[in-house]
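A look at the structure
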Amino acid sequence: MRLPMPPAAASAAVAVTAALAAALAVLPGPALAAETPTASSFTLSDPRIKESSGLAASRIHPGVYWTHNDSDDGPYIYAVDSATGRTVARVTLTGIGKPRDVEAISLGPDGQLYVGDIGDNRGGTWDHVWIYRFPEPKQLGDATVKATQFTVKYAEGARNAEALMVHPVTGRVYIASKDENKGGLYEGPAELSTGGTNVFRRVADVPWVTDGAFSPDGTRLTLRGYFTARTYPWKDGLPVGEGERVDAPWQGQAESVTYTADGSTLMFGAEGEGSRVIAVPVAAAAAPSASPQPGSPSGASPATEPTGGFGKGALVLAAGLILVFGAKRLLRRRGGTS
């Protein structure tokens, strides 16, 4: 959700962006991931898609990706053909309330799309959030579909979150909270229920997360943030170890990630009209894992790693701190969602 930004906040945003750009510009080595010519990177050409906040690869329509706007758009889900970047279907959801802050989308093994209306940048003030579920349309074209709505709460109390992942084998739903200090990975019940509140319980620590995706075989979980992305082995319902750093592209308002249907490529998306979805082959994406951080719990993700795939050095650390503290000031002033 976007609220009007005060002049002072707007000036701060410009300063933060400029500082980060300047720092990144002088980094040594291959700081940013290059687009691979053979991968299916594409540009979202639909002017209605201004705040793409989630991606899910279709399993029945090759090369098609489902996405949605962050907020202020209504109950709409878009299907985009990666060959052209054009929208080939807009699905209107009925049977649900007014979406508040839609942040994520994932495809389950039941052939249904799960949409996470889970954003809450107002300091965790919503006492509940929602998940919407509907069958992936077999035919592409504008359509109206009745969705099932599930009410969600966290065992620890309200959380801001932007990542929802459905395991492709078990069908269990997971949500990753967004926190610059230490977020959490939350596990839903074995089956979601419309008969009451679905309580999600924390099962692991994770870094600052803006989206996540399971590999199609369910053996890996990739989580991304603004600075970095990591892929974790997935075993017994938990991410294992520190994972591998992923060579994710720098995209500014980096909001989404999904695997291609065959699992060979990670697709990274961002907000903004005409935004680019960048393909990074899985074999080329992994980088050697950093050493475990002191005090990291066994079987859980480490605390946030500001440097991510951008390398090490004072410039990156300074840029990261500028952006984090600048963003926190802006969020306090705006009181909105993102």
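Right, let's talk about the sheet that holds strand S11 (residues 161-166) for a bit. If you trace the 8 strands from one edge of the open sheet to the other, you get S6-S7-S8-S10-S14-S13-S12-S11, paired in mixed fashion. Every interior strand has two partners, whereas the edge strands, strand S6 (104-107) and S11, have only one. Averaged over all pairs of adjacent strands, the angle between strand axes in this sheet comes to 30 degrees, irrespective of strand direction. With 5 bridges joining them, S11 and strand S12 (residues 173-177) adopt antiparallel strand pairing.

Right, let's talk about empty space enclosed by the protein for a bit. A water-sized probe, rolled over the atoms, reveals where empty space remains. Applying the stated criterion across every chain, the model contains 4 cavities of 30 Å³ or more. Here the largest cavity is characterised by a volume of approximately 150 Å³. In this structure, the largest cavity is lined by 18 residues; those nearest its centre are Arg 59, Ser 106, Leu 107, Phe 214 and Thr 258. Those elements giving two or more residues to the lining of the largest cavity turn out to be strand S2 (52-57), S6, S11, strand S15 (211-214) and strand S20 (254-259). Estimated volume of the second largest cavity: approximately 50 Å³. Every residue along the wall of the second largest cavity is listed here: Pro 207, Trp 208, Val 209, Leu 223, Arg 224, Gly 225, Thr 228, Ala 229, Arg 230 and Tyr 232. Here the element with the most residues in the lining of the second largest cavity is strand S17 (residues 229-235); it accounts for 3 residues.

What follows covers the side chain of Ser 215. You can see Ser 215 is positioned in the loop between S15 and strand S16 (220-224). Leave out the neighbours within four places in its chain, and Ser 215 touches Pro 168, Arg 220 and Tyr 259.

Turning our eyes to something else, we now look at the nonpolar core. Core analysis: the biggest nonpolar cluster contains 19 residues, and Trp 66, Ile 77, Leu 93 and Phe 134 have the highest contact counts within it. At the level of elements, strand S3 (64-69), strand S4 (76-81), strand S5 (86-94), S6, strand S7 (112-117) and strand S8 (129-135) are the ones that each hand at least two residues to this core. Sequence-distant contacts of Phe 134, that is, excluding residues within four places in its chain, are made with Ile 77, Val 91, Leu 93, Gln 112, Leu 113, Val 115, Val 145, Lys 146 and Ala 147. If you look at the next biggest cluster of nonpolar residues, it comprises 16 residues, including Ile 118, Ile 131, Val 173 and Ile 175.

The strand order across the open sheet formed by 4 strands is S1-S22-S21-S20, and the pairing between neighbours is antiparallel. The open sheet is flanked by strand S1 (42-43) and S20, the only strands paired with a single partner. Across 2 bridges, the pairing between S1 and strand S22 (residues 276-281) is antiparallel. The residue bridging Thr 43 from the neighbouring strand is Arg 276, located in S22.

What follows deals with the pattern of salt bridges. With the rule as written, the count across this model stands at 7 salt bridges. Note that Asp 46 and Arg 48 form a salt bridge whose closest N and O atoms lie 2.8 Å from each other. Judged by relative accessible area, Asp 46 falls into the buried class, the value being 8%. Between Glu 187 and Arg 172 there is a salt bridge; the shortest N-O distance is 3.6 Å. Of the two residues, Glu 187 is situated in strand S13 (residues 183-187) and Arg 172 in the loop between S11 and S12; the sequence distance between them amounts to 15 residues.

In total, this model carries 6 aromatic pairs according to the counting rule given. On the numbers, 5.1 Å between centres and 80 degrees between planes, the contact of Tyr 174 with Trp 234 is edge-to-face. In this pair, Tyr 174 is assigned in strand S12 and Trp 234 in strand S17, connecting sequence segments 60 residues apart. Trp 234 carries the same exposure label as Tyr 174, and that label is buried. Among the aromatic side chains, those forming a connected cluster through ring pairs are Tyr 174, Phe 214 and Trp 234. Here the basic side chain of Arg 90 rests over the ring of Tyr 76, its NZ or CZ set 3.8 Å away from the ring centre. Here Arg 100 stacks its cationic end above the ring of Trp 130, 4.4 Å away from the centre of that ring.

The buried category is assigned to Ser 215, whose relative accessible area is 0%. Between the C-alpha atoms of Ser 215 and Pro 168, which are 47 residues apart in sequence, the distance is 7.8 Å. One polar contact links Ser 215 to Asp 217, side chain to side chain, over a distance of 2.7 Å.

Along the chain, Trp 130 turns up in strand S8. Since its relative accessible area comes to 14%, Trp 130 is described here as buried. In this structure the C-alpha to C-alpha distance between Trp 130 and Gly 97, which are 33 residues apart in sequence, comes to 9.4 Å. Aside from chain neighbours lying at most four places away, what touches Trp 130 is Lys 98, Arg 100, Val 115, Gly 116, Asp 117, Ile 118, Gln 149, Phe 150 and Thr 151.

Averaged over the protein chain, the pLDDT score is 79; the fraction of residues at 70 or greater is 72%. Confidence drops under pLDDT 50 across residues 1-39; counting only partners more than four residues distant or on other chains, this segment forms 59 contacts. Confidence drops under a pLDDT of 50 for residues 287-338, and excluding neighbours within four residues, the segment shows 110 contacts in the predicted structure.

Rules of the game
Counting of residues starts from 1 at the beginning of each chain's written sequence and follows it residue by residue. A pLDDT threshold of at least 70 governs which residues receive local features in this predicted model, and a stricter bar of 80 or more applies before side-chain atom pairs are shown or counted, although totals over entire chains, interfaces and linings include all residues. Heavy atoms from the whole structure form the basis of all side-chain values; hydrogens and water molecules are not counted. Pairing between strands is defined by DSSP: at least two bridges between the two strands are required. Every helix listed is a DSSP run of H or I at least four residues long, and every strand listed is a run of E at least two residues long, numbered separately from the N terminus. Inter-axis angles, ranging from 0 to 180 degrees, are taken between N-to-C directions of lines fitted to C-alpha atoms, where helices are fitted over the stretch in contact. Only protein atoms enter the 1 Å grid used here, on which a cavity is any set of points holding a 1.4 Å probe that cannot leave and a pocket is any open set flanked by protein within 12 Å on both sides along at least five of seven lines; residues with an atom within 4 Å of a point are listed as lining. Grid points are joined across faces, edges and corners, and a volume is the space filled by probe spheres set on the points. Note on contacts: a residue pair qualifies if any of its non-hydrogen atoms lie within 4.5 Å across the two residues. Among buried residues, the Ala, Val, Leu, Ile, Met, Phe, Trp, Tyr and Cys ones that are joined through side-chain atoms within 4.5 Å form a nonpolar core. Only protein chains enter the accessibility calculation, which uses a 1.4 Å probe. A residue is then buried if its area is under 20% of the maximum for its type, exposed if over 50%, and partly exposed in between. By salt bridge we mean one thing: a side-chain nitrogen of Lys or Arg within 4 Å of a carboxyl oxygen of Asp or Glu. Aromatic contacts are taken between Phe, Tyr and Trp rings whose centres are within 6.5 Å, Trp giving its six-membered ring; a plane angle under 30 degrees counts as stacked, one over 60 as edge-to-face, and the others as tilted. The rule for a charge over a ring is simple: NZ of Lys or CZ of Arg within 6 Å of the ring centre, and within 35 degrees of the ring normal. By the criterion applied in these results, polar contacts are pairs of N or O atoms within 3.5 Å in which, for protein atoms, one can donate a hydrogen and the other can accept it, and in which residues neighboring in sequence qualify only through two side-chain atoms. For every residue, the pLDDT score states the predictor's confidence, bounded by 0 at the bottom and 100 at the top.

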